[in-house]
Every structure is written in C-alpha cells, then in structure tokens.
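Notes for the structure review
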Amino acid sequence: GFAQVAPTNISRLCENKEILTVNGQLPGPTLYANKGDRLIVNVINPAPFPITIHWHGLLNPRNPWSDGREYITMCGIPSGSNFTHDLFLNTEEGTIWYHAHSDWTRHTVHGAVVVYPKPGFTYPFPVPYKEYVIVIGELT
C-alpha cells in the first residue's frame, strides 16, 4: 500500500487550518493484517519538509535502520521523495500504531495498525461481538 503524507485543509472548532495528514485523513487510515504478515508501505512525501513514520510497538529486527525515529534510526524522507517500509509482523498481535516522528507532525500524522491472529488461530479470549478502533489525538 501507499501512504501520502501531505498538507490538508481542515475546519475544526470554527477555525480553518492546514495540517499534515495521511491520505487526507485525520487520523490516518487504519491498517489491518494478520500475525506473520509482511506489510510493504510506500510513504510518499510531497510536504515541503522531511518527515518520518515510526511504527510504534512493531519490532522490526530485519530493518532496524528504517524504524522511523528521525535522526536516530533514519533521516527524514526528503520533500518530493518516497521511502518504502518493509515490515514483518512476526510477534505482534493486537493493536499498535504508526505516527510521524518529526517535530509537530506527530500531532496529525498517525493511525492504528490492527494485527489479528494468524489464520487458523484464535484470540486468547472469546471473539469480540464488535470491534472499534479509537484513535485519540490532539490538534494544536
């Protein structure tokens, strides 16, 4: 899949703002996968400054240099460029999340990653009647 991180105009609380979003959504799109899956996410950055995406709660020992922690494990994705994250969900199960790791962008560039059990396996509890993803964020 792809994630375009780009400026988006929004109206909230009687105020218009330009913020960064993922694919024009706030919060960004929820990703769904199964334990053991491989996710390939191409992050496209048309924003006028570098940005990174950190996969919070995801162990990524095969690609530790692309963890998304700006100036720690990788440099920002330059404006007008893209970066492909190659993610392996080997041990993760449940809900984790992704977020920008570049200054103020973490306030609006974020979303959930729902990791279901491997096909043929079950939850360690009764299957929920319904599932809802709730992402809480703050617009500053």
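Residues numbered from 1 in each chain as written. Predicted model: local features only at pLDDT ≥ 70, side-chain atom pairs only at ≥ 80, totals over all residues. Heavy atoms only, no water.

**Section: the packing of aromatic side chains**
Cut-off, in case you're wondering: When the centres of two rings from Phe, Tyr and Trp lie within 6.5 Å, Trp using its six-membered ring, the rings pair. Their planes under 30 degrees apart give stacked, over 60 give edge-to-face, and anything left gives tilted. Runs of H or I in DSSP of at least four residues are treated as helices and runs of E of at least two as strands, each being numbered from the N terminus. Type-normalised accessible area, obtained with a 1.4 Å probe on protein chains alone, sets the label of each residue: buried when under 20%, exposed when over 50%, and partly exposed for intermediate values.
Evaluation of the coordinates by the stated rule reveals three aromatic pairs. Ring geometry for Y32 and Y116: centres 6.3 Å apart, planes at 10 degrees, overall stacked. In this pair, Y32 sits in strand β3 (residues 31–34) while Y116 sits in strand β8 (residues 110–116), placing the two residues 84 residues apart along the sequence. The class of Y116 is partly exposed, set by a relative accessible area of 25%. Between the aromatic rings of W55 and Y98, the centroid separation amounts to 5.5 Å while the plane-to-plane angle is 45 degrees, which identifies the pairing as tilted. With W55 in strand β5 (residues 53–56) and Y98 in strand β7 (residues 94–100), the pair connects residues that are 43 residues apart, well separated along the chain. One exposure class covers both W55 and Y98, and it is buried.

**What to know about unusual backbone geometry**
The omega torsion of the bond from L26 to P27 falls at -10 degrees, within 30 degrees of zero and hence cis. Tracing the sequence through the fold places P27 in the loop between β2 (15–22) and β3. Phi at N23 is positive, roughly 55 degrees, even though this residue is not glycine. Structurally, N23 can be placed in the loop between β2 and β3.

**Considerations on the side chain of H110**
To be explicit about the condition: Throughout this description, a polar contact denotes any pair of N or O atoms lying within 3.5 Å of each other; where both atoms belong to protein, one of them has to be capable of donating a hydrogen while the other can accept it, and for residues adjacent in sequence the pair is counted only when both atoms sit in side chains. Contacts were defined at the residue level, with two residues in contact if any of their heavy atoms lie within 4.5 Å.
By the secondary structure assignment, H110 is in strand β8. Within the local environment of H110, its side chain forms a polar contact with the backbone oxygen of H107, the two atoms lying 3.5 Å apart. Dropping the residues within four chain positions of it, H110 is found in contact with L26, P27, G28, W97, Y98, H99, V135 and G137.

**As for the sheet that holds β7**
Going by this rule: Strand pairing follows a simple DSSP-based rule, namely that at least 2 bridges must link the two strands. With axes taken as lines fitted to C-alpha atoms, and helix axes fitted only over the stretch in contact, angles between N-to-C directions fall between 0 and 180 degrees.
The strand order across the open sheet formed by four strands is β3-β8-β7-β5, and the pairing between neighbours is mixed. What marks the edges here is a single partner per strand, and that holds for β3 and β5. Along the sheet, successive strands turn relative to each other by an average axial angle of 25 degrees, direction set aside. The pairing of β3 with β8 spans four bridges and is parallel. Paired with A33 across the strands is V115, a residue of β8.

**A word on the nonpolar core**
Keep this limit in mind: Nine residue types can take part in a nonpolar core, namely buried Ala, Val, Leu, Ile, Met, Phe, Trp, Tyr and Cys, and a core is a set of them joined through side-chain atoms within 4.5 Å.
Counting 23 residues, the largest nonpolar core has V5, L39, V41, I53, W55, V109 and V113 as the members making the most contacts within it. Those elements that place two or more of their residues in this core are β1 (2–12), β2, β4 (38–45), β5, β7 and β8. Excluding residues that lie within four positions of it along the chain, V5 makes contacts with L20, T21, V22, V43, I44, N45, P46, A47, I51, I53 and V109.

**Re the pattern of salt bridges**
Put simply, the test is: Think of a salt bridge as a Lys or Arg side-chain nitrogen and an Asp or Glu carboxyl oxygen that are within 4 Å of each other.
Enumeration according to the criterion identifies two salt bridges in this entry. A salt bridge links E93 to K35; the shortest N-O distance between them is 3.9 Å. On the criterion of sequence distance, the pair formed by E93 in the loop between β6 (81–88) and β7 and K35 in the loop between β3 and β4 is long-range, its members being 58 residues apart. Looking at K35, the relative accessible area reads 25%, which means it is partly exposed. Where R38 meets D86, a salt bridge forms, and the shortest distance between an N and an O atom there is 2.7 Å. Taken as a pair, R38 in strand β4 and D86 in strand β6 lie far apart in primary sequence, 48 residues in all.

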